[in-house]
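# Observations on the model geometry
Chain by chain, the residues:
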Amino acid sequence: MEKYILIIGACGQIGTELTLTLRERYGNDRVIASDIREGSDNLMNSGPFEILDATNYDALEEVVAYHDITEVYLMAAMLSATAEKFPMRAWNLNMNSLFNVLNLAKEKKINKVFWPSSIAVFGPNTPKVNTPQNTIMEPSTVYGISKQSGERWCEYYYNKFGVDVRSIRYPGLISWKTMPGGGTTDYAVEIYHKALSQGHYTCFLKKDTSLPMMFMDDAIKATLQLMEADTENIKVRSAYNLAAMSFNPEEIAKSIQQHIPDFKMAYEPDFRQAIADSWPKSIDDADAQKDWNWQPDFDLERTTATMLENLKV
Ligand SMILES: NC(=O)c1ccc[n+]([C@@H]2O[C@H](COP(=O)([O-])OP(=O)(O)OC[C@H]3O[C@@H](n4cnc5c(N)ncnc54)[C@H](O)[C@@H]3O)[C@@H](O)[C@H]2O)c1
């Protein structure tokens, strides 16, 4: 059967790069981008685009039927920092969009779903170092509660209705093509922009706050690997732990100083510190390694070199 892919939330930090990569792989016309707003020129000009609100089931069903969609990547969500400001809007968007896509799959209108989870599913009582796949999960943020609930529903739809839904608990993602959309790890992108434009950066987290992070190319690689893996190899139907590197703000500043020796860092922690404090410092992703051969390519040094190279004017 021919594959036609719909990406929802395609204009965001991950959606933009995911769409471009999927278009290269499967052909521009087979990958339909959608969002509630228009995206970068690259995205808009490289293939079909639909304005689509993920919370509107009828509109979604119509786009899926019109384009003969077989797979959906649901990237629309409200992220951790913004969700603390608008809890009900975050819950409505994050949950209703997921139900809409899962129900389309349950009705056999599509046959595969990707939905991203996050390290935010973990909470203050979770073991923080090398956090295992299965452990205490008591998220203390609006975003984390929505992601943990989402994971439970994904597993439920797989068990009850045979829905082929696949998911990853992404760490903080670092990229240069699109700015991040309101998360707690956004500092690790902003810092490169400010290092180049101003030579200094004021970080909203404390200097010793270690968090799991990943360069975008690795995140896209993992997403495609998981989606292309044979069904019998997918043993986790909630969401897979995924890791590449862990660092704190002081360490990323030092790695930038290798390239820009005069770079200066200051620290003014805000409300995002409490969110970061509730998350793991590092992640054990043994299951992803075992089930679908996951291996990252980017460590902090390579990430810094690649970010600075691509953001330089
Ligand atoms: N970026 C990260 O570091 C990270 C880490 C863990 C998990 N995730 C998850 O990955 C997914 C994508 O994240 P991102 O960083 O690309 O987010 P983003 O905020 O950059 O992009 C989200 C996109 O969704 C769109 N959108 C918002 N409401 C919509 C609606 N009602 N209908 C359709 N589109 C809508 C926005 O316009 C935006 O383009 C989210 O589920 C997020 O929780 C991201």
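Check the entry above for the structure.
Let us look at the structure shown here. (Residues numbered from 1 in each chain as written. Predicted model: local features only at pLDDT ≥ 70, side-chain atom pairs only at ≥ 80, totals over all residues.)

## Examining the packing of helix α7 (residues 187-197) against helix α12 (residues 300-311)
Our working definition: Only the contacting stretch of a helix is used when fitting its axis, a line to C-alpha atoms as for every element, and angles between N-to-C directions run 0 to 180 degrees. Working definition: helices are DSSP H or I runs of at least four residues, strands are E runs of at least two. Numbering for both runs from the N terminus. Angles are sorted into four bins: roughly parallel if under 35 degrees, roughly antiparallel if over 145, roughly perpendicular if 65 to 115, and oblique for all others. Crossings are assigned a handedness: left-handed for a near helix turned anticlockwise from the far helix by less than a right angle, right-handed for a clockwise turn. The contact criterion used is a C-beta to C-beta distance within 7 Å, with each C-beta placed from the backbone. Any residue that is not Ala, Val, Leu, Ile, Met, Phe, Trp, Tyr, Cys, Pro, Asp, Glu, Lys or Arg is counted as polar, Gly included; the first ten are nonpolar and the last four charged.
As a packed pair, α7 and α12 sit with axes 10 Å apart at the nearest point and diverge in direction by 55 degrees. As the angle between them shows, α7 and α12 are arranged oblique. When you trace α7 past α12, the crossing you get is right-handed. When α7 is examined against α12, the residues Tyr192, His193 and Leu196 are found in contact with a partner set consisting of Met307, Leu308 and Leu311. For the contact of α7 with α12, the per-class residue count stands at five nonpolar, one polar and no charged.

## Concerning the pairing of strand β1 (residues 5-8)
Within a regular strand, side chains alternate between the sheet's two faces. Quick reminder of the rule: Any residue surrounded by 20 or more other C-beta atoms within 10 Å of its C-beta is treated as buried, while 12 or fewer makes it exposed and the intermediate range makes it partly exposed; C-beta atoms here are placed from the backbone. When DSSP locates at least two bridges between a pair of strands, those strands are taken to pair. Note on handedness: a clockwise path from strand one over the helix to strand two, with the strands aimed away from the viewer, defines a right-handed crossover.
Going residue by residue along β1, you find Ile5 and Ile7 tucked away on one face and Leu6 and Ile8 tucked away on the opposite face as well. Pairing geometry for β1 and strand β2 (residues 31-35), over four bridges, is parallel. Within β2, the residue paired with Leu6 across the bridge is Ile32. Between the parallel pair β1 and β2, the chain is carried across by helix α1 (residues 13-26), and the sense of this crossover is right-handed. Bridge count between β1 and strand β4 (residues 71-74): four bridges; the pairing is parallel. Within the sheet, the bridge partner assigned to Ile7 lies in β4 and is Tyr73.

## Observations regarding the sheet that holds strand β7 (residues 165-166)
Strands sit in the order β3-β2-β1-β4-β5-β7 across an open sheet of six strands; the sheet is parallel. A single partner strand is all that each edge strand has here, and the edge strands are β3 (49-51) and β7.

Any functional reading would require information that these geometric values do not contain.
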